[in-house]
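Remarks on the overall topology
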Amino acid sequence: MTAIDIRAGDVTLRYETDADGRLRQIGFRPVAADGAGVERASFPPEAFPLAYPAWGEETGATPALRVLNHDGRAGCYLTLDGYERNEAGHRITLTDELAALEVTLCLRTWAEEQVIEQWTEIRHHQPGPVTVGEVAAAAPVVYAPDPWLTRYAGDWASEWLPVTGQLPLGACAVESFGAVRPHLQAAPFFLLAPDGRAAETEGSVLAGALAWGGGVRLAFGRRARQPDLVRLWCGANPAMGGYRLDPGVLFTTPRMIWAWSDEGGRPLTHRLHRWVRTHAVRDGQRIRATVFNTWEAAGFDFDQARLTAMMADAADLGAELFLLDDGWFGTEFPRDDDDAGLGDWQPDPAKLPDGIVGLTGAAGRHGLRFGLWIEPEMVNPSSQLYGEHPGWVTGEPGRPRREERNQLVLDLCQPDVRAFVTGVVDFVLTGNPGVSYLKWDANRDIFEPGSSALAAGRQSNLWIDTVLARWQVMAEIAAGSPDTEMMLCASGGGRTDLGTLRWFHEVWLSDNTDAVARLKMQWEASRFLPPQVIGAHVTRWGDQDLAFACAVAMSARFGFDLDPATLDHTERLACQRAAAIYREVRDLVQLGDMFRLIAPDAGRAALGFADTGRRRYVVFGYQLADAGPSGPTGTGGPASTACPVAGVRPDSAYRVRELSLAGDDRDHGVLAGSSLLTEGLAWPLTAARTAAIWLLEAED
Ligand code: DGJ
């Protein structure tokens, strides 16, 4: 019997082979609870589930792997063939000798963050291609006597909607499609609490995230025969078609990221934030600038004079970077609306007579950095690009082109198209050295599959190959412009995943910037993503109170997206104060440890951010619904009187300042850490959509 222990800090994933050499998964938990509820010693390996069951190996469950072999056989029988361990991680190789198929389970561990990365590689040596039907990045079994799943549904402007419930018997799957902006439909993240609902500081939770920029399937199966075991299936969505794989060619699945906690959600947040900053995002230790964007402020309706006037205002508000969104390009087909110009990346001379250089110069004179919006993977039929290269788009010959937002998807499987997209970015950056930030957008899915770069029998490879081709382009661009910061956007949060993020600095979480809706989205997304990665702008969406909107945006990567000409005196002051206060506390928000103090489900919410020494701590309190004498209206909850501040040092004394967006800061004196922990800060808010910000600084 061979035993393999994968350890990441306290977390252990243990495998053993059975008498036939088949790999069984013995446990997947923090060590203290390893094999919880199972008397390991009394069971032989055969009693445990297969680690990575292929089609035909296990009945009644979705197989981790299903390959249609070259000779037409569909079954598979995998036994352990080798195990290697080095600094790069663990490689467990299983083979099916009869099928000349090799499956390697790859795992990388991060002890400090207690994170495991897991993926699978396949290669075969059959006389011709095989079709890979299902191939999970990971398919572990979790011992879960009372499993509760939180997954995230969504759509445009309603991303990150948490759906929490007890896992029923049978199968439950989270799926997304389309390959371009799948995460609008379902964020590729989940939380599984195996022993009943977990709280912020109590209970066991497994966090999972699939680092994949295409369609995703995260499935959870629980059989009546063994209701305590949940079999997971995490990987690229196989519903999009089998992948034709040639002999000797390596197929690598996306990576699955795992993090466990036996003390509730908070340690998971801290671990994942550290891991993402260090391993999943560009320049994760760098403070992000305060952005002023033009989309909600101006849409397509601007010219050089309006933009330069806005720059003066943006600088006056306290922004540091001016981001010109959609609408700046198109000569023969000016981009005055979303129906023309996409693909033609020359500045529109009617709007911008001095080009982008004229704008970067003006921004510099206002002390602002300058950023540009691009959507380089798309084309409007009304464009020079489409006129010259009608064959560069995805689709099947003979079928009508179907547009969404008046645009078509460029086919990145074609090498010329990849070169064009890389060239767009190169052209924009080389021609305009003053551009130091790009917002990369993508506003439709692929729903007319087909690539002229793929042979007739390989059209279904598109769903994987297009994502890999896009990543190749993004990787080249990131390597070629290491100093350019990049925001990832796809109709809002359609590309929020830990795989694509590695070439970007942040995501645009949603086009929905209503402060209450946004607070809830940020609350959920920040379980996995550190706040400096979550772009949050103050807008006029929903004609909302701007001070409240500022306070919400300040708990992520703060910025503005509104027309300054519409600000009255009070609003302008609130925006200026917000930018100034944010500058004072953003090291805590962007790089500190986050504490969820009051969950936003009973009319109010509070969040805190502390430095690692817990000497400086900022608390954001939000009143979401009017608080009547007996609590927030409509919630029936208790009256809100205090906000305990988890995470302060009990033996320190903190000076407490309330930082006001109206300009009347208040000093609340010095409070003992022990009292802040238990009694907390007095809650000053009663009216809906109001906020308070406190800065706590240790005196000793
Ligand atoms: C969709 C994005 O989510 C918006 O922020 C904006 O950039 C528009 N596209 C521009 O077309």
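Before reading on, note that the structure itself is shown above.
Report on the accompanying structure. Values in this document were obtained by computation on a predicted structure and should not be read as measured data. Here the residue numbering is sequential within each chain, running from 1 through the sequence in written order. Side-chain atom pairs in this predicted model are given and counted only at pLDDT of 80 or more, local residue features only at pLDDT of at least 70, and totals for whole chains, interfaces and linings cover all residues. The basis for the side-chain values is all heavy atoms of the structure; hydrogens and waters are excluded.

So, about the layout of surface pockets. Over the atoms a probe the size of a water molecule is rolled, and this reveals where empty space is left. Here a cavity is any set of points on a 1 Å grid over the protein atoms alone where a 1.4 Å probe fits but cannot get out, and a pocket is any open set with protein on both sides within 12 Å along at least 5 of 7 lines; a residue lines the site when it has an atom within 4 Å of a point. Grid points are joined across faces, edges and corners, and a volume is the space filled by probe spheres set on the points. Taken as a whole, the largest pocket spans an internal volume of roughly 670 Å³. Together, 25 residues line the largest pocket, and Arg197, Ala198, Trp523, Glu524 and Arg527 are the ones closest to its centre. Comment: elements are numbered from the N terminus, with helices defined as DSSP H or I runs of at least four residues and strands as E runs of at least two. Only strand E11 (148–153), strand E12 (161–166), strand E14 (186–193), helix H1 (265–280), helix H8 (515–525) and strand E31 (593–598) provide two or more residues apiece to the lining of the largest pocket. Residue composition of the lining of the largest pocket, grouped by class: 13 nonpolar, 5 polar and 7 charged. Per-domain counts for the lining of the largest pocket show at least three residues from each of domain 1 (3–280) and domain 3 (594–698). Taken as a whole, the second largest pocket holds about 550 Å³ of empty space. Residue type decides the class: Asp, Glu, Lys and Arg count as charged, Ala, Val, Leu, Ile, Met, Phe, Trp, Tyr, Cys and Pro as nonpolar, and the leftover types, Gly among them, as polar. Throughout, the edges of the domains are those of an automatic or database domain assignment.

Our focus in this paragraph is the side chain of Arg231. Tracing the backbone shows Arg231 in strand E17 (residues 226–236). Note on exposure labels: buried denotes an accessible area under 20% of the residue type's maximum, exposed denotes more than 50%, and partly exposed covers the range between, all computed with a 1.4 Å probe on protein chains only. Its relative accessible area of 13% is what places Arg231 among the buried residues. Pairs of N or O atoms are called polar contacts if they sit within 3.5 Å, as long as, within protein, a hydrogen donor faces a hydrogen acceptor (for residues adjacent in sequence, only side-chain-to-side-chain pairs). A polar atom in the side chain of Arg231 sits 2.7 Å from the backbone oxygen of Ala139. When residues no more than four places from it in sequence are discounted, the contact partners of Arg231 are Pro49, Leu50, Ala51, Pro53, Glu58, Ala139, Pro140, Val141, Ala219, Phe220 and Gly221. We call two residues in contact when some of their heavy atoms are within 4.5 Å.

Now for the site of the ligand. Throughout this document, a residue counts as near a molecule or strand when at least one of its heavy atoms sits within 4 Å of that molecule or strand. What surrounds the ligand is a group of 13 residues, the closest being Asp325, Asp326, Lys439, Asp441 and Asp511. Trp373 is positioned such that a nitrogen or oxygen atom in its side chain is 3.2 Å from an oxygen atom of the ligand. Residue Asp511 places a side-chain N or O atom 2.6 Å away from an oxygen atom belonging to the ligand. When the free accessible area of the ligand is taken as 290 Å², the share hidden by the protein chains comes to 97%. Residue exposure ignores everything except the shown protein chains as possible cover, and the areas themselves are Shrake-Rupley values with a 1.4 Å probe.

For the rest of this paragraph, the subject is empty space enclosed by the protein. Inspection of the entire model under this criterion finds 5 cavities of 30 Å³ or more. Broken down by secondary-structure element, the contributors of at least two residues to the lining of the largest cavity are strand E9 (130–135) and helix H7 (462–480). Taken domain by domain, the lining of the largest cavity gets at least three of its residues from each of domain 1 (3–280) and domain 2 (291–511). Looking at the second largest cavity, its volume works out to about 60 Å³. Every residue lining the second largest cavity is listed: Thr513, Ala515, Arg518, Gln522, Ala536, His537, Val538, Thr539, Gln544, Ala549, Val552 and Ala553. Those elements giving two or more residues to the lining of the second largest cavity turn out to be H8, strand E29 (534–538) and helix H9 (546–553).

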